[in-house]
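Letter by letter, the chains look like this.
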Amino acid sequence: MHSPVRAAGTLLITDDRDDAALALFPDTLILGVSAMPPAHASAVVCHVALAASDAVDALETALAACRRRPDTPLIFVLRDDDPLSYAVANGLGATRILAADRAGSDWTRRLDLASSTFAAKRSAATPAGGAEAAVDTSTEAEAAAAVLASLFAAVTRRAPVAMADVERGATAVLRGIRDDLLGWIDVVRRYDDSTYQHCLLVAGFCAALSERIGFSGTRQHLLVQAALLHDIGKARVPLALLNKPGALTPAEATVVRRHPTDGYYMLAAQGDIPAVIREVVLHHHELLDGTGYPHGLRGARISEEVRLSTVCDVYAALVERRPYRQPMASRAAFDILVGMGGKLDTMLVAALSEMLEMPRAARLAGAC
Ligand SMILES: [Fe+2]
Ligand SMILES: [Fe+2]
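Small disclaimer: the values here were computed from a predicted structure and weren't measured.

> Whenever I open this one, the overall build of the protein confuses me. Can you help?
The helix and strand inventory of the protein stands at 15 helices and five strands. Counting the 368 residues in the protein, one finds 50% classified as buried. Within the protein, counting contacts between residues at least 6 apart in sequence, those at least 24 apart form 63% of the total.

> How should the pattern of salt bridges be read in this particular structure?
Oppositely charged side chains are able to pair whenever their charged atoms sit close together. Counted by the stated rule, this structure contains 12 salt bridges. Ionic pairing is found between Asp-19 and Arg-79, a salt bridge with its closest N-O pair at 3.4 Å. Note that Asp-19 is positioned in the loop between β1 (10-14) and β2 (27-30) and Arg-79 in the loop between β4 (74-77) and α2 (83-91), a separation of 60 residues in sequence. Here Glu-305 ties to Arg-219 by a salt bridge, and the two come within 2.7 Å at their closest N and O atoms. In this pair, Glu-305 is assigned in helix α13 (residues 304-319) and Arg-219 in helix α8 (residues 217-229), connecting sequence segments 86 residues apart. Judged by its relative accessible area of 10%, Glu-305 is buried. Taking the relative accessible area as the measure of exposure, Arg-219 reaches 32% and is therefore partly exposed.

> Explain the coordination of the iron ion (ligand 1) to me, please; I cannot follow it from the model alone.
In ideal tetrahedral geometry, four donors around a metal make angles of 109.5 degrees, whereas ideal octahedral geometry with six donors gives angles of 90 or 180 degrees. Distances from the iron ion (ligand 1) to its protein donors, namely Asp-231 (OD), His-259 (NE2), His-284 (NE2) and His-285 (NE2), fall within the range 2.1 to 2.2 Å. Relative to the metal, the four donor atoms surrounding the iron ion (ligand 1) lie at angles of 85 to 175°, and the coordination shape comes out irregular. Read in sequence order, the donor residues for the iron ion (ligand 1) give the motif D-x27-H-x24-H-H. Metal-to-metal, the separation of the iron ion (ligand 1) and the iron ion (ligand 2) is 3.4 Å; Asp-231 coordinates the two. Pair noted here: Asp-231 is in the loop between α8 and α9 (239-242) and His-259 is in helix α11 (residues 259-268), with a separation of 28 residues, a long-range link. This pair shows no difference in class: Asp-231 is buried, exactly as His-259 is.

> Explain the environment of Val-45 here, please?
Position of Val-45 among the secondary structure elements: in strand β3 (residues 43-47). On the accessibility criterion, Val-45 (1% relative accessible area) is buried. Between the C-alpha atom of Val-45 and that of Arg-96, which follows or precedes it by 51 residues, the distance is 9.5 Å.

> Help me out: how do you make sense of the coordination of the iron ion (ligand 2) in this one?
Around the iron ion (ligand 2), the protein contributes the donor atoms His-198 (NE2), His-230 (NE2), Asp-231 (OD) and Asp-313 (OD), at 2.1 to 2.3 Å from the metal centre. Classification of the site at the iron ion (ligand 2) rests on its four donor atoms, whose angles at the metal span 79 to 170°, yielding the label irregular. One chain supplies every donor to the iron ion (ligand 2), and in sequence these donors are spaced H-x31-H-D-x81-D.

> Quick question: what am I supposed to make of empty space enclosed by the protein here?
Here the idea is plain: a probe the size of a water molecule rolls over the atoms and shows the empty space left. Inspection of the entire model under this criterion finds three cavities of 30 Å³ or more. A volume near 50 Å³ is recorded for the largest cavity. When the residues that make up the lining of the largest cavity are grouped by side-chain class, the tally is six nonpolar, two polar and two charged.

> Would you mind showing me how to read the packing of aromatic side chains here?
Two numbers describe a pair of aromatic rings. These are the distance of the centres and the angle of the planes. Under the defined criterion, the tally for this structure stands at four aromatic pairs. Ring centres of Tyr-264 and Tyr-265 lie 5.3 Å apart, and the angle between their planes is 80°; on these two criteria the pair is classed as edge-to-face. The exposure class of Tyr-264 is partly exposed, given its relative accessible area of 21%. Ring geometry for Tyr-315 versus Phe-334: centroids 4.5 Å apart, planes at 25°, classification stacked. Note that Tyr-315 is positioned in helix α13 and Phe-334 in helix α14 (residues 330-339), a separation of 19 residues in sequence.

> What is the right way to look at the state of the cysteines in this model?
Here a disulfide denotes one covalent bond, and it connects the sulfur atoms of two cysteines. Counted by the stated rule, this structure contains zero disulfides. The cysteine Cys-46 is free of any disulfide, with Cys-66 supplying the nearest cysteine sulfur at 8.3 Å. Looking at Cys-46, the relative accessible area reads 1%, which means it is buried. No disulfide involves Cys-206; its sulfur sits 3.9 Å from the nearest other cysteine sulfur, which is in Cys-312.

> Which parts of the structure should I look at to understand the layout of surface pockets?
Counted as a void, the second largest pocket has a volume near 820 Å³. Taken together, 29 residues make up the lining of the second largest pocket; nearest its centre are Lys-234, Val-256, His-285, Tyr-293 and Ala-317. The set of elements that each furnish at least two residues to the lining of the second largest pocket consists of α7 (194-212), α9, α10 (250-256) and α13. Broken down by element, the residue count for the lining of the second largest pocket peaks at four residues, all from α13. Considered class by class, the residues forming the lining of the second largest pocket number 13 nonpolar, eight polar and eight charged.

> What is the right way to look at α8 in this model?
An α-helix turns once per 3.6 residues; consequently, residues spaced three or four apart project the same way. Taking 1.5 Å of rise per residue, the 13 residues of α8 would be expected to cover 18 Å, and the 19 Å separating its terminal C-alpha atoms lies within 8% of that figure. Among all positions of α8, only Gln-220, His-221, Leu-223, Val-224, Gln-225, Ala-226, Ala-227, Leu-228 and Leu-229 are buried. Considering only its buried residues, α8 is in contact with α4 (137-156), α5 (163-177), α7, α11, α12 (275-283) and α13.

About the criteria used
- Residues numbered from 1 in each chain as written.
- Chains lettered and ligands numbered in written order.
- Predicted model: local features only at pLDDT ≥ 70, side-chain atom pairs only at ≥ 80, totals over all residues.
- Heavy atoms only, no water.
- Helix = DSSP H or I, 4+ residues; strand = E, 2+ residues; numbered from the N terminus.
- Buried < 20%, exposed > 50% of the residue type's maximum accessible area, 1.4 Å probe, protein only.
- Contact = heavy atoms within 4.5 Å.
- Salt bridge = Lys/Arg side-chain N within 4 Å of Asp/Glu carboxyl O.
- Donors = N, O, S within 2.8 Å, 3.2 Å for Na, K, Ca; no water.
- Tetrahedral: all angles 85-135°; square planar, octahedral: opposite > 155°, others 65-115°.
- 1 Å grid on protein atoms, 1.4 Å probe; cavity = no way out; pocket = protein on both sides within 12 Å on 5 of 7 lines; lining within 4 Å.
- Points joined across faces, edges and corners; volume = space filled by probe spheres on them.
- Nonpolar A, V, L, I, M, F, W, Y, C, P; charged D, E, K, R; others polar.
- Phe/Tyr/Trp six-rings, centres within 6.5 Å; stacked < 30°, edge-to-face > 60°.
- Disulfide = S-S within 2.5 Å.
- Expected span 1.5 Å × (residues − 1).

Okay, here's the thing in structure tokens:
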């Protein structure tokens, strides 16, 4: 196990007196065993079984007694990877949730990433304290858009996509959303090319949502690469169909609905595209109740990467700017996602909603 790196004042709350993480935190509280440390907490990490109601009650009491500011990061590391635990964590005010690590590897390494993200956000608000280089969202969006242009140009002339470019594009997206996801949305919506705008939005949402639910850095990077490429098959769809304002005829819809399989076969022919990227390209229109396409997959046959991409894809399609309509308001878009019920992963919809609506409310409050 590595040495602790988090800032003094980070409080670990656990329900396990043998929790290996106890040795890594300067301040700890074992529910039902030890007393709350007297010092203010600069961040709180909860490592508690949220499926057990008595543990949740004890945790709620501890959080109420904990000396912390309203904006103190509250991080949950789930012991059980289930919707109930996720919902309870959200209900207790989690600012970040890391999914349970079934592999049993050291989750505190992932927490270090979380801590550095929070540090970056704080330093952005206080310029004198910045440890990380400032990111220009517009520059990163331009870099990612240039990559998209080269990828779509390549497949249009039936050339392979360059994986080095895809990786570079994903890095630009991750940098672009790092401090300000809402700023990324504002910048990206200025792009007139609706396919680039859409792919940059989906990639940004995938980047932020996967981080929120605790993907490792490698898994997150691959997912963002997949998101950039997810609609690559649309390079073969006539622009007149992609930009058609009204409803598609059945024949036109058939052409548009070929883009997942077209994209998949383009990439599969190259031989160097990671399986998870090909899977997202092929299945991002599958729905959990089996009504999606091209294969009508159901539930457990749809991977977490695909579920996440689908939620981000549907939301992006609603809130993006099109020549013939204004973007839908975020709240109205989430009403539609929630109304889709069993078609989408409700846990992921809730997480995306919380991630976007809370900062939006804070931004509005700041503007008053
Ligand atoms: Fe698509
Ligand atoms: Fe899409």
